[in-house]
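The lines below spell out each chain.
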Amino acid sequence: MPEGQKAEPPAGLRERRKQRTRDALLNAALELFTTQGYDRTTVDEIAEAVEVSQRTFFRYFANKEEAAFAVQTMVESRFLTELRQRPAAEAPFEAMRRSVLCAWNSIGEAIEALIPIDLHMRTYRMIESTPSLIAAHMRRGVALEDEIAQLIARREGLDMETDTRPRIAVAAFAAVMRVAGQQWGQGHDTSMESLRVLTEEYLDHLGPALAENWRTPPTGASAQ
């Protein structure tokens, strides 16, 4: 090695350094978004909080929006991975239900390793109360539902151009997930376990909500 030239760190060490920088930028971005507002936060402020350049921020995130939705993107990716691995014999809704619950078995630890759970909760509330992010949230939701519907259609050997069932099933599933998330975001228990329990409860009530006579007390309910 020529004199004065520093040795390159091993590939594994470089990747860990990159991951630490990305994690630090994400934490700084979400903390700033939730304390002073998404629209009032600049990329320069995020970079300055981590003592890196604006250019470094853009190596890891295309823009502020990508940082705001980074954790959600990770959660969605876990769900899609689980869904692709579900047994072909499972009915579509059951496959989606089991996929989301299996994903939650590990996603809590993954989120906690990335950002504090309290920050995750505050980020969720921030997204739900920021007009520019609500629009992005809806756009992302439409794209995700389409991807899930296509996946379900392939599983069932269906053509979505002539069979509407994949889109309808996914729309119902997504609506339940959205309501469960909103209820969690308004609650006091910020744990991932509480979100998982709430999600499972809401998914379990979808079938009865669609099929049962609501004026008939549920089985086992006591008379008032």
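Refer to the structure presented above.
This is a predicted model, so every value here is computed, not measured. Each chain has its residues counted from 1, running along the sequence as written. Per-residue local features of the predicted model are confined to residues with pLDDT of at least 70, and side-chain atom pairs are confined, for both listing and counting, to 80 or more; whole-chain, interface and lining totals are unaffected and use all residues. Side-chain descriptors were evaluated using all non-hydrogen atoms of the structure, hydrogens and water having been removed beforehand.

**Q** Even after reading the chapter, I still don't get the environment of leucine 83, so can you show me in this structure?
**A** Relative to the helices and strands, leucine 83 is located in helix α5 (residues 70-85). We call two residues in contact whenever any of their non-hydrogen atoms come within 4.5 Å of each other. In this structure leucine 83 touches Ala95, Met96, Ser99, Ile148, Leu151, Ile152 and Arg155, once residues within four positions along its chain are discounted. Secondary structure counts use DSSP, requiring at least four H or I residues in a row for a helix and at least two E residues in a row for a strand, with both numbered from the N terminus.

**Q** Help me understand α5, please; the structure alone is not making it clear to me.
**A** Each α-helix winds once per 3.6 residues, and so residues spaced three or four apart point in a common direction. To estimate how far a helix should reach, multiply one less than its number of residues by 1.5 Å. Between its terminal C-alpha atoms α5 stretches 23 Å, which fits the 22 Å expected from 16 residues at 1.5 Å a residue. Throughout, exposure labels follow a simple rule: accessible area from a 1.4 Å probe, protein chains only, divided by the maximum for the residue type, with under 20% read as buried, over 50% as exposed, and the rest as partly exposed. Looking only at α5, the buried set comprises Ala70, Val71, Glu76, Phe79, Leu80 and Leu83.

**Q** I'm lost on the pattern of salt bridges in this one. Help?
**A** A side chain with one charge may pair with a side chain of the opposite charge, provided their charged atoms come close. The salt bridge definition used is simple: a Lys or Arg side-chain nitrogen within 4 Å of an Asp or Glu carboxyl oxygen. Scanning the model with the defined rule gives 16 salt bridges in all. Here lysine 18 and glutamate 15 are joined by a salt bridge, their closest N and O atoms 3.7 Å apart. With lysine 18 and glutamate 15 both in helix α1 (residues 11-36) and three residues apart, the pair spans about one turn of that helix. Glutamate 15 sits in the partly exposed class, given a relative accessible area of 47%.

No statement about biological role is implied by the geometric values presented.
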